[in-house]
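Residue-level structural notes
Single-letter residue listing:
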Protein chains: 4
Amino acid sequence: MFFASDNWAGAHPLISERLTKEAAGFASAYGTSELDRSIEARFSDIFETDVAVFYVATGTAANSLALASLARPGGVTFAHSEAHVIEDELGAPDFFSGMRMIEVAGPLGKMDAESLKAQIARFPQDAVHHGRANSVTLTQATEQGTVYDLSEIQTLTQIARENGLGVHMDGARFANALVALGATPAEMTWKRGVDVLSFGGTKNGCWCAEAIVFFDPAKAREMPFIRKRAAQLFSKSRFISAQLAAYLDNDLWLDLARHANGMADRLRDGLAASNTARLAWGTQSNEVFAVIPRATAKLAEDMGAKFYEWPTPKDVAETIQKDESLIRLVTSFATTTEDVDRFLDILQQA
Amino acid sequence: MFFASDNWAGAHPLISERLTKEAAGFASAYGTSELDRSIEARFSDIFETDVAVFYVATGTAANSLALASLARPGGVTFAHSEAHVIEDELGAPDFFSGMRMIEVAGPLGKMDAESLKAQIARFPQDAVHHGRANSVTLTQATEQGTVYDLSEIQTLTQIARENGLGVHMDGARFANALVALGATPAEMTWKRGVDVLSFGGTKNGCWCAEAIVFFDPAKAREMPFIRKRAAQLFSKSRFISAQLAAYLDNDLWLDLARHANGMADRLRDGLAASNTARLAWGTQSNEVFAVIPRATAKLAEDMGAKFYEWPTPKDVAETIQKDESLIRLVTSFATTTEDVDRFLDILQQA
Amino acid sequence: MFFASDNWAGAHPLISERLTKEAAGFASAYGTSELDRSIEARFSDIFETDVAVFYVATGTAANSLALASLARPGGVTFAHSEAHVIEDELGAPDFFSGMRMIEVAGPLGKMDAESLKAQIARFPQDAVHHGRANSVTLTQATEQGTVYDLSEIQTLTQIARENGLGVHMDGARFANALVALGATPAEMTWKRGVDVLSFGGTKNGCWCAEAIVFFDPAKAREMPFIRKRAAQLFSKSRFISAQLAAYLDNDLWLDLARHANGMADRLRDGLAASNTARLAWGTQSNEVFAVIPRATAKLAEDMGAKFYEWPTPKDVAETIQKDESLIRLVTSFATTTEDVDRFLDILQQA
Amino acid sequence: MFFASDNWAGAHPLISERLTKEAAGFASAYGTSELDRSIEARFSDIFETDVAVFYVATGTAANSLALASLARPGGVTFAHSEAHVIEDELGAPDFFSGMRMIEVAGPLGKMDAESLKAQIARFPQDAVHHGRANSVTLTQATEQGTVYDLSEIQTLTQIARENGLGVHMDGARFANALVALGATPAEMTWKRGVDVLSFGGTKNGCWCAEAIVFFDPAKAREMPFIRKRAAQLFSKSRFISAQLAAYLDNDLWLDLARHANGMADRLRDGLAASNTARLAWGTQSNEVFAVIPRATAKLAEDMGAKFYEWPTPKDVAETIQKDESLIRLVTSFATTTEDVDRFLDILQQA
């Protein structure tokens, strides 16, 4: 019953297998091998446009360097107030991009269009004391398990465009959002106005596979240098390519995300039917937020369940009692129906 | 005949195997799993003292963040003029540490003690305009394939100590140096005055396994924050630990380094006996530098050999003719005697 | 009728005179002259304790480098949401200190103690993903013209102390706050728990005189290097000292602040008695915030008055009508009663 | 006998006078006043082209931010090995620009063209590990008192152009070089290929007046933000403009430089005629380097002369005996013939 995070799982067997296969033989380093190039080509196929792809070590690196590639001095970036770049990356995006992250409000992890407009208006292009609007970063799926639909993405990127801002998407759970929407990668990104994507594979079955994807390769010209100076250029780059080869082959990535989302559905259904617990809010990807009695949470933990108590967002604060706990449950490619059902059983018995 | 670099090899089978084995099951993230902790304990055993260990993505990251941990504002670091931190890391050490890298001369990749003293003397502790001496970084094995012996290390670290400077060792090829000297890890590091080590596993049979090792854990207090803000904290940290588990088990790492060094010995012996090529200088680890006729170099490349022509150091410049080429040959765990002999044959036939 | 800002005034005649006097003759550079040293000694007298003093070029530099001297990697600083370091310094404090500025709410420009506690609680010392509490910066007088009384300062610094945080005071309008409280410099700073002060002279009659003052010189050890690397070490440092010599002589600085505050009192009294305008809120230093009909504001501008319309703080938003404007009126050493009265007349006649 | 540095002098009386004059009255802040604008226009007149001008606090700031405006990630800047940006700015240029300073050799403080070419060749535009050539900075007058003639400047900037590099000129002693050459400001800068200039007034009779001058205003677009984030935007910017108004009026700046150079000529002539001292090398501006017996140096200091012993450049090292000292003598607008003659007398008497 490991629902703490999708990064508690290891790697999918097909990915380990591919690492083993590619381990033999020699290949040129620093992203220049045939395998490396074939994966870049694969990304272009998947996104239906020529893209430039840069591997980095972590999702934090992907976000930070993507924003750095958009940055100008004195610029600010707009992000949802619960976004990973604000809450969980120790200021790395600020450090690498030189920009301040400006919080945009919005329910359930999604930036509200009006709030975004209002915040952008505070940072005009000549605001030499205050800061000038530079870029918008949106998280898909969000930190609260919700998913922007295609028109919501369009609305936000259009606001960005009208203000001359670049658009970054933090896709640490890109595949989960994609299968939730039933959209194509192109539809969810550049066709909706996204300039640069943090493409995350780690949380969805890889060991370590994070890539920055530029939908206009011309905008990626500085990135080889930005990445190297950030100490993020792998020598045996092939070990990322090998993971991604397996990950992308036969739509494994989508199958894994579908599985994780399906397990989350099962959890949601069980919680909705429960009389001891309830959903905190509706989610669409592989994260479920539930309100359960504190005693039940304690019991579940005692019986081996792993999950985190979550900071209560303001907009649901009133609905949660003192003896209740808001918990986050994350599923992954490795989650089993047995684990889900066992966990739901514990809740019921409590 | 892949002699371009030891990072052209993939990973050793035992390392891939261990990755496959550890892929199953769940474990807590960000370096807190049992496996992660067991590897940190293993490092303490190997180094015969309590150490603090921090995984990072690249050798450049290890060097940059290690130096950052020693840095003070306005400080400068002393490195051999051919060191990786100066020649091959795009200023990442400067960027992360805020320090300037000061070149120290010395033959064959090793800092000369008198040159080091002279350079340190130029940066007194109150030199608010010029910069103040902060630390010394030495590369073991060096970029020119040579190895500092234990007394040479001692001499340099003692100069550092006398001037109040920290000492970093860039051990991208740590194992190769270790087996070349027949020394213990402790003898080659903290027992000779090294404060912090970049421990490299990638070049010696891992996919990606670089660690910063502090010999005084008290000096590592800021590192968790330095590393995270540098976007170098892996979520599935376990994938490094799994590699290192196999790497360190049964002295695999030393065996792999011995093999690589042995292949280099065979190359050296062959070159020494050759009448068409010659050793540029004596080396002790897994890098061999040879002078061969340009035509021979061309022939070897045409026949599939991979190697780099190398910038000629000043001290040997006079010994190389215009129609000759200085080449670097790097061996690795994956180099075979067949490859070495075939390459030597080509040289002889030329 | 120049009420736009106190930095629209030039320099006080005594200060210009002293610059002229010190212009003759030679003196050693970079802060080592007799005059420079005498001013540092004067600061120690004024603050009744041994202090270390560092001149810098701007208030932004003073704040940024003061915070940099307190910073640790991954640290965050707490500031009122309207503070200059957040609103008006283009991210320079973040850039130099490497820290993120965290907003603390509170009415009328003053941090609320409970809000500060709540924000600090979000950043525990081991929060490697989220950031760790490092320091508190409070602005005295505040950006909204109010002044923390001594017990309010004590309350905030005590919260800082209990959490192990450093305390910085942004004293761009230090003298105005001091005379408003009738306190001594020592009482308003280190006796109430302040570690480091941005001492501003520019807004109060100097041309350019900003200093960072450390109440524990031991904590200033890195500052000579931090300042020089920030390109803030003046060569003819004497030109700051000359200004400060005149500024501090015979309590000129306090007289100038008293004059400015007195002019603000006169404005306040006039506004309170007005039937066409009203005070937006009570202030204590040299800034007055008034609500006036938009037509009146237009008229006043047409007649030559200079002031800025001010962003409306949330807590007074409801009290301001659509056809009204919130304006900020700043007085200085150079403001005359004639200007004040003329301005009040315009308001009355409208 | 103050020959230690030209920054030991105060300010010229006309400059103090102008500060006094401008001190009265109000003017808008942050460089937007009429006086500020008139000075920018004056710069355009003086340089015979539309320029963009940015005041900063120090010469180090001017150099650092000018280079920052030219920088790209992973770029390197080429400077003479004795240049101020390398020797005397504590790494501020590296810190603000993110670039490494690469040393170029050359006799008497001037970059040698062949050495520059050779260094540029080491940093090709695709050198993602090593760094890519970005810009050249040349110091006029040099740190060794020499002056590049117009064709020498042309030669170096042409090499820069051919390699796609930007060109910065460190003009801390711009006026001294200008009058030494008898050239116009335009001839010595943009007409010879200079893109951006650090225009120094401080060493030549101002209190504090340093400006960054862009000869193509389009290249200055980011500078308002770069400067503000560097905490270098003065509020009472007018105090710089006032100094420059007097400085530029009636060619005061050129007269002051002529005087300083004339005093240096007198020193040179005296030294050339001396039988106890000799010129270390020929200089053309306001710095003279002399070799004198150590005993004489001691005597002169005892009698009140101020000067610095100077590190001996390699190319003259052999000509200096152990009992001799290389000293630097700097003249300024405030140097008198009496001081020069008295100093020469002491040398003769020794």
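These numbers come from a predicted model, not from an experiment. (Residues numbered from 1 in each chain as written. Chains lettered and ligands numbered in written order. Predicted model: local features only at pLDDT ≥ 70, side-chain atom pairs only at ≥ 80, totals over all residues. Heavy atoms only, no water.)

1. Remarks on the overall build of chain A
Our working rule: Numbering of helices and strands runs from the N terminus, with a helix taken as a DSSP run of H or I at least four residues long and a strand as a DSSP run of E at least two residues long. Summary of the burial criterion: residues with accessible area below 20% of their type's maximum are buried, those above 50% are exposed, and those between are partly exposed, where the area comes from a 1.4 Å probe applied to protein chains only. Any two residues having at least one pair of non-hydrogen atoms within 4.5 Å are treated as being in contact.
The helix and strand tally for chain A stands at 15 helices and 11 strands. For the C-alpha atoms alone, the extent of chain A along its principal axes is close to 60 × 55 × 30 Å. Out of the 350 residues belonging to chain A, those deemed buried represent 65%. A separation of at least 24 residues holds for 75% of the contacts in chain A among residues at least 6 apart in sequence.

2. Quick notes on the interface of chain A and chain C
Cut-off, in case you're wondering: A carboxyl oxygen of Asp or Glu within 4 Å of a side-chain nitrogen of Lys or Arg is what we treat as a salt bridge. N or O atoms within 3.5 Å of each other form a polar contact, as long as, within protein, one can give a hydrogen and the other can take it, and as long as residues adjacent in sequence are counted only when both atoms are side-chain atoms.
Each partner contributes residues to the interface: chain A has 17 residues there, and chain C has 17 residues. Where chain A packs against chain C, one counts four salt bridges. For Arg122 of chain A, the salt bridge identified is with Glu87 of chain C, shortest N-O distance 3.3 Å. Seen at the junction of chain A and chain C, the total is 14 residue pairs in polar contact (both at pLDDT 80 or more). Looking at the side of chain A that touches chain C, the elements that each hand over two or more residues are helix H4 (84-87) and strand S3 (100-104) of chain A.

3. Observations concerning the packing of helix H8 (residues 174-181) of chain D against helix H12 (residues 252-273) of chain D
All names here are of chain D. Operational definition: Between N-to-C directions, angles span 0 to 180 degrees; the directions come from axes that are lines fitted to C-alpha atoms, helices contributing only their stretch in contact. The scheme is simple: roughly parallel for angles under 35 degrees, roughly antiparallel for over 145, roughly perpendicular for 65 to 115, oblique for anything else. Residue polarity is assigned by list, with Asp, Glu, Lys and Arg as charged and Ala, Val, Leu, Ile, Met, Phe, Trp, Tyr, Cys and Pro as nonpolar; anything else, Gly included, falls into the polar class.
Where H8 contacts H12, the axes come no closer than 8 Å and their chain directions differ by 75°. When the axis of H8 is compared with that of H12, the two are roughly perpendicular. On H12, the residues that touch Phe174, Ala175, Asn176, Leu178, Val179 and Ala180 of H8 are Trp253, Leu254, Ala257, Arg258, Ala260 and Asn261. Class assignment of the residues belonging to the contact of H8 with H12 gives a composition of nine nonpolar, two polar and one charged.

4. Topic: the pattern of salt bridges
Evaluated as defined, the whole model comprises 84 salt bridges over all chains. Of the charged contacts, one joins Asp6 of chain B and Arg173 of chain B as a salt bridge, the two residues approaching to 2.7 Å between their closest N and O atoms. Of this pair, Asp6 of chain B sits in the segment before helix H1 (13-23) while Arg173 of chain B is found in the loop between strand S5 (166-171) and helix H8 (174-181), placing the two residues 167 residues apart along the sequence. Across this residue pair, the class does not change: Asp6 of chain B and Arg173 of chain B are buried. Of the charged contacts in the structure, one is a salt bridge between Asp195 of chain D and Lys219 of chain D, with a shortest N-O distance of 3.6 Å. Separated by 24 residues along the polypeptide, Asp195 of chain D in the loop between helix H9 (185-188) and strand S6 (196-200) and Lys219 of chain D in the loop between strand S7 (210-214) and helix H10 (223-229) bring together distant segments of the chain.

5. Regarding the domain arrangement of chain A
All names here are of chain A. Short version of the rule: Domain borders in the structure are assigned automatically or taken from a domain database. Summed over both partners, the accessible surface that disappears when two parts come together, traced with a 1.4 Å probe, is what is meant by buried area.
Each domain of chain A was delimited in the assignment, giving domain 1 (12-252) and domain 2 (254-349). The straight-line distance from the C-alpha centre of domain 1 to that of domain 2 is 28 Å. Facing the 22 residues of domain 1 at the interface are 20 residues of domain 2. The junction of domain 1 with domain 2 conceals about 1800 Å² of combined surface from both sides, 55% of it contributed by carbon and sulfur atoms. There are one salt bridge connecting domain 1 and domain 2. Residue Glu287 pairs with Arg173 through a salt bridge whose shortest N-O separation is 3.4 Å. Applying the counting criterion to the domain 1 and domain 2 interface returns 13 residue pairs in polar contact (both at pLDDT 80 or more). Sort the elements by how many residues they give to the side of domain 1 that touches domain 2 and helix H8 (residues 174-181) lands first, with five residues. Partitioning the side of domain 1 that touches domain 2 into residue classes produces 10 nonpolar, nine polar and three charged.

6. Structural notes on the pairing of strand S6 (residues 196-200) of chain C
Residue and element names in this part refer to chain C. Going by this rule: Strands qualify as paired when DSSP identifies two bridges or more between them.
Within S6, five of the five residues are buried, which leaves the element mostly enclosed by the surrounding structure. Alternating residues of S6 divide into Val196, Ser198 and Gly200 and Leu197 and Phe199, and every residue in both groups is buried. Judged from the five bridges that link them, S6 and strand S7 (residues 210-214) form a sheet pairing that is antiparallel. Across the sheet, the residue bridging to Phe199 is Ala211, located in S7.

7. A few points about the pairing of S7 of chain C
Residue and element names in this part refer to chain C. When you tally the buried positions in S7, you get five out of five residues, the bulk of the element. Going residue by residue along S7, you find Glu210, Ile212 and Phe214 tucked away on one face and Ala211 and Val213 tucked away on the opposite face as well. The sheet contact formed by strand S1 (residues 52-56) and S7 spans five bridges and is antiparallel. Within S7, the position partnered with Ala52 by the bridge is Phe214.

8. Re the relation of the copies chain A and chain B
The pair of chain copies shares a relation made of a rotation about an axis and a shift along it. Test applied: When the copies are superposed, the least-squares fit takes in the C-alpha atoms of residues with a pLDDT of at least 70 in both.
Superposing chain A onto chain B requires a rotation of 180° together with a translation of 0.0 Å along the rotation axis, leaving an RMSD of 0.0 Å. Considering both components of the superposition, the chain copies are consistent with a two-fold axis. It is Ala57 of chain A whose C-alpha, among those of chain A, lies nearest the rotation axis, at 3.0 Å.

9. Some thoughts on the packing of helix H12 (residues 252-273) of chain B against helix H15 (residues 337-349) of chain B
Residue and element names in this part refer to chain B. The condition is simple: In this scheme the crossing of two helices becomes right-handed for a clockwise turn of the near helix relative to the far one and left-handed for an anticlockwise turn of less than a right angle.
At a minimum axis distance of 10 Å, the contact between H12 and H15 shows a crossing angle of 20°. The angle between H12 and H15 places the two elements in the roughly parallel class. Where H12 crosses over H15, the two elements pack in a sense that is right-handed. Contact with H12, carried on its side by Met263, Arg266, Leu267, Gly270 and Leu271, involves Thr337, Val340, Asp341, Phe343, Leu344 and Leu347 of H15 and no other residues of that element.

10. So, the interface of chain A and chain B
Residue-level contacts link 49 residues of chain A with 49 residues of chain B. A buried area of about 4300 Å², summed over both sides, lies between chain A and chain B, and 66% of it is on carbon and sulfur atoms. Taken as a group, Phe26, Trp207 and Lys236 of chain A account for 21% of the area that chain A buries against chain B, more than any other trio of residues on that side. Taken together, chain A and chain B are joined by zero salt bridges. Those elements giving two or more residues to the side of chain A that touches chain B turn out to be helix H1 (13-23), helix H3 (59-70), helix H5 (92-97), helix H10 (223-229) and helix H11 (238-248) of chain A. Considering every element that reaches the side of chain A that touches chain B, the biggest residue donor is H1 of chain A, with five residues.

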